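# Structure assessment
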Amino acid sequence: MQRENEARLELRRWYALWHEAEAMYAGWAHEHGVSLNALMLLCALVDEPESSQSSLARELSMPKQTVNTILKDFARRGYAELRPDEEDRRNKRVELSAAGREYALALTEALHKRELDIMERMGFDRIKALNDAQELFNALFKEGGHGR
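Predicted model only: the values in this text are computed from it and were never measured.

## Thoughts on the UniProt feature "domain: HTH marR-type" (unreviewed entry) in the protein chain
Here, UniProt's "domain: HTH marR-type" (unreviewed entry) annotation points to residues 1–142. For the annotated span residues 1–142, helix accounts for 75% and strand for 9% of the residues, and the straight-line distance between the end C-alpha atoms is 26 Å.

## Quick look at helix H1 (residues 2–31)
Working note: α-helix, 3.6 residues per turn, so residues spaced by three or four point in the same direction. The end-to-end C-alpha separation of H1 is 43 Å, in line with the 44 Å expected for 30 residues at 1.5 Å each. Directly beyond the C-terminal end of H1, a positive phi value near 80° is found at Gly 33.

## Some points on the sheet that holds strand E3 (residues 92–96)
The sheet built from 3 strands is open, its strands ordered E1-E3-E2 with antiparallel pairing. Every other strand in the sheet has two partners, leaving strand E1 (50–52) and strand E2 (80–84) as the edge strands with one partner each. Going across the sheet, the axis of each strand differs from the next one's by a mean of 25°, ignoring polarity. Where helix H4 (residues 64–76) meets the sheet, it contacts E2 and E3, and its direction lies at approximately 120° from that of E2.

## Focus on helix H5 (residues 98–122)
Look at H5: 35 Å from first C-alpha to last across 25 residues, which is about the 36 Å you get at 1.5 Å a residue. Within H5, burial applies to Gly 100, Tyr 103, Ala 104, Leu 107, Thr 108 and Leu 111. The elements touched by buried residues of H5 are H1, helix H2 (36–47) and E3. With its phi angle positive at about 100°, Gly 123 sits one or two positions after the end of H5.

## Focus: the environment of Lys 113
Considering the arrangement of structural elements, one finds Lys 113 in helix H5. When the C-alpha atoms of Lys 113 and Glu 10 are compared, they prove to be 30 Å apart, with 103 residues separating the residues in sequence.

## A closer look at the pattern of salt bridges
Under the defined criterion, the tally for this structure stands at 10 salt bridges. For Glu 4, the salt bridge identified is with Arg 8, shortest N-O distance 3.2 Å. Here Glu 4 pairs with Arg 8, and both are found in helix H1, just 4 residues apart, close to one helical turn. Here Arg 93 and Asp 85 are joined by a salt bridge, their closest N and O atoms 3.8 Å apart. Accessibility expressed as a relative area gives 9% for Asp 85, which makes it buried. Each of Glu 50, Arg 83 and Glu 95 takes part in one network of salt bridges that share partners.

## A closer look at the confidence of the model for the protein chain
Per-residue confidence for the protein chain gives a mean pLDDT of 93; residues scoring 70 or more make up 97%. Put simply, E1 is where the protein chain has its lowest mean pLDDT, 87, and H5 is where it has its highest, 97.

Analysis parameters
- Residues numbered from 1 in each chain as written.
- Predicted model: local features only at pLDDT ≥ 70, side-chain atom pairs only at ≥ 80, totals over all residues.
- Heavy atoms only, no water.
- UniProt positions renumbered as here; feature names shortened; annotations may be inferred.
- Helix = DSSP H or I, 4+ residues; strand = E, 2+ residues; numbered from the N terminus.
- Expected span 1.5 Å × (residues − 1).
- Pairing = 2+ DSSP bridges.
- Axes fitted to C-alpha atoms, helices over the stretch in contact; angles between N-to-C directions.
- Contact = heavy atoms within 4.5 Å.
- Buried < 20%, exposed > 50% of the residue type's maximum accessible area, 1.4 Å probe, protein only.
- Salt bridge = Lys/Arg side-chain N within 4 Å of Asp/Glu carboxyl O.
- pLDDT = per-residue confidence, 0-100.

The structure is reproduced here in structure tokens:
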């Protein structure tokens, strides 16, 4: 019983840390003039310069309409071009313009600079252990609720 209570406390702690991290990233994004979802889209587009709306929605676990709204704003501002997907006409391909790429790189590089500084201060071994633990948690979660 004691172990289960301790586990429940750690689960609540994990939830609180998860929400705190999301709030910190949302705050950072807001300080830089974008929403958290827009920032995550820009990060994804820097990594994959030509993507589809549906692949971005899937990758980022965002509703397609949210992705569409943000990308339409990027297109209106001259940061992205949306064009029909040749393989699936119901979908659109997204490509950053030169101005969009410059904008995205400025934001993502500022974010990565902060993240890498924190990682350096924490130490590589701790970051690797954090990532390994999260990867294991995710894998076990995907397996299902075995044992409970």
